[in-house]
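The residues making up each chain are set out below.
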Amino acid sequence: QLLFKLALDLCFRKRMPQEEFMLGIDEAGRGPVLGSMVYGTCWCPVDKLDVLSKMGFADSKVLTAEQREKLFEDIKASEILGWNVDILSPQEMSAKMMRRNKYNLNAMSHDSAIGLIQNALDRGVNIQEVYVDTVGIPEKYQEKLIRIFPGIRKIVVAKKADSLFPIVSAASICAKVTRDMDLENWEFPEEPQNQKFSRQMGSGYPGDPATKTWLTDHFDPVFGFPAIARFSWSTSKKMVKEDGLEMEWDDDDEEDDDGSIKKNTQKMTSFFTASKENESVHDKQQRIPIAQRPPYFRQHFMHVTNNFADYR
């Protein structure tokens, strides 16, 4: 899915270093339980604001898909606009939000925006005005950016910035179209070779009945959801907790009050020693030749077994 970024990074338009630019930032896909979150940025010369305003940009959420795609093509073809995106995959977001030292969504959003500004500066773009659609309290976010980028003359962080500043509207379109392309071209490594996952996923938002149905239909009690789902969302967590198989991991050898090691603690391997005579019908069905297993299992060198002692 991140292949898009490699192509999109080639968008930079070379202009005179002394020319002053304005830059806008907005995101797409912050709320959905499915798919990546995309941060987009767009920049243009400060003295070309009148040209930018006539290009018809608006908040991407109020435009049709066809209108957004047409405007995105206009951005790519423009001689005065530059653009870039940062794609945060569902796996990356879930891993960061569920790790021991929490890395929340607001922090990820801030860091993505900061990275996009720094990326434009590193390319030699003379950014002197920045406009950002806020995440959290606008005043605090704005103060944070001013501290990080003291060389930028004007930084504005505001609610609904995509409806206030055309350059943020343009960034919004870059983000939204990229996310739509990402979802449309998503490849499921978990797909069995003889079965295709449904793409009737709805809007991807947790409250959408079609999205809930898709999650239910594609839920595995052991592995959870395909990688397109965000495991860190409450919708996913609830389904895993209620419908997933529960696993309890034994601690290391426990000590009695006198410091001696308890010897009656069972090992994890004791739960996986069923003989083939006692093998269930389900387990027999799971002994599938490796060539027929889904790519996900082959790529991760996963094998079906009913005896973990074989892997000690």
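Note that the structure is a prediction, hence the values are computed from the model and not measured.

**Student:** I'd like a rundown of the pairing of strand β3 (residues 82-88), residues and numbers included.
**Tutor:** In terms of burial, β3 is a largely internal element, seven of the seven residues being buried. The alternating pattern of β3 places G82, N84, D86 and L88 on one face and W83, V85 and I87 on the opposite face, and all of these are buried. When strand β2 (residues 37-45) meets β3, the two strands line up antiparallel, connected through seven bridges. Considered in β3, the bridge of W43 is made with G82.

**Student:** Can you explain the pattern of salt bridges? Please cite residues and give values.
**Tutor:** For the coordinates displayed, the defined rule picks out eight salt bridges. Here K76 ties to E73 by a salt bridge, and the two come within 3.0 Å at their closest N and O atoms. Of the two residues, K76 and E73 both sit in helix α3 (residues 65-77), three residues apart, roughly one turn of that helix. Judged by its relative accessible area of 43%, E73 is partly exposed. Within the structure, one salt-bridge network assembled from shared partners comprises E20, E129 and R153.

**Student:** Tell me about the side chain of D86, and name the residues and values.
**Tutor:** Topologically, D86 is positioned in strand β3. By relative accessible area, D86 is classed as buried at 19%. Among the polar contacts listed, one links the side chain of D86 to the side chain of S112, at a separation of 2.8 Å.

**Student:** I'd like a description of the pairing of strand β1 (residues 21-28), backed by residues and values.
**Tutor:** Where burial is concerned, most of β1 is hidden: eight out of the eight residues are buried. With burial as the criterion, each face of β1 is covered, one bearing F21, L23, I25 and E27 and the other bearing M22, G24, D26 and A28. The sheet contact formed by β1 and β2 spans eight bridges and is antiparallel. What sits directly across from L23, in β2, is W43. The sheet contact formed by β1 and strand β4 (residues 127-133) spans five bridges and is parallel. Bridge pairing in β4 places F21 opposite I127.

**Student:** Quick rundown of the packing of helix α5 (residues 105-122) against helix α6 (residues 138-148)? Include the residues and the values.
**Tutor:** Where α5 meets α6, the closest approach of the two axes is 12 Å, and the angle between their N-to-C directions is 40°. Crossing of α5 over α6 shows right-handed handedness. When α5 is examined against α6, the residues S109, H110, A113, I114 and I117 are found in contact with a partner set consisting of Y141, K144, L145 and I148.

**Student:** Go over helix α10 (residues 234-243) with me, naming the residues and quoting the values.
**Tutor:** Listed in full, the buried residues belonging to α10 are T235, S236 and M239. The buried residues of α10 occupy an angular sector of 95° when projected down its axis, which confines them to one face. Pointing more than 90 degrees away from the buried face of α10 are the exposed residues S234, K238 and K241. Where α10 is buried, its residues meet α9 (209-217).

About the thresholds
- Residues numbered from 1 in each chain as written.
- Predicted model: local features only at pLDDT ≥ 70, side-chain atom pairs only at ≥ 80, totals over all residues.
- Heavy atoms only, no water.
- Buried < 20%, exposed > 50% of the residue type's maximum accessible area, 1.4 Å probe, protein only.
- Helix = DSSP H or I, 4+ residues; strand = E, 2+ residues; numbered from the N terminus.
- Pairing = 2+ DSSP bridges.
- Salt bridge = Lys/Arg side-chain N within 4 Å of Asp/Glu carboxyl O.
- Polar contact = N/O pair within 3.5 Å; in protein donor to acceptor, adjacent residues only side chain to side chain.
- Axes fitted to C-alpha atoms, helices over the stretch in contact; angles between N-to-C directions.
- Left-handed = near helix turned anticlockwise from the far one by under 90°.
- Contact = heavy atoms within 4.5 Å.
- Arc of directions from axis to C-beta.

Geometric descriptors of this kind do not, in isolation, establish any biological role.
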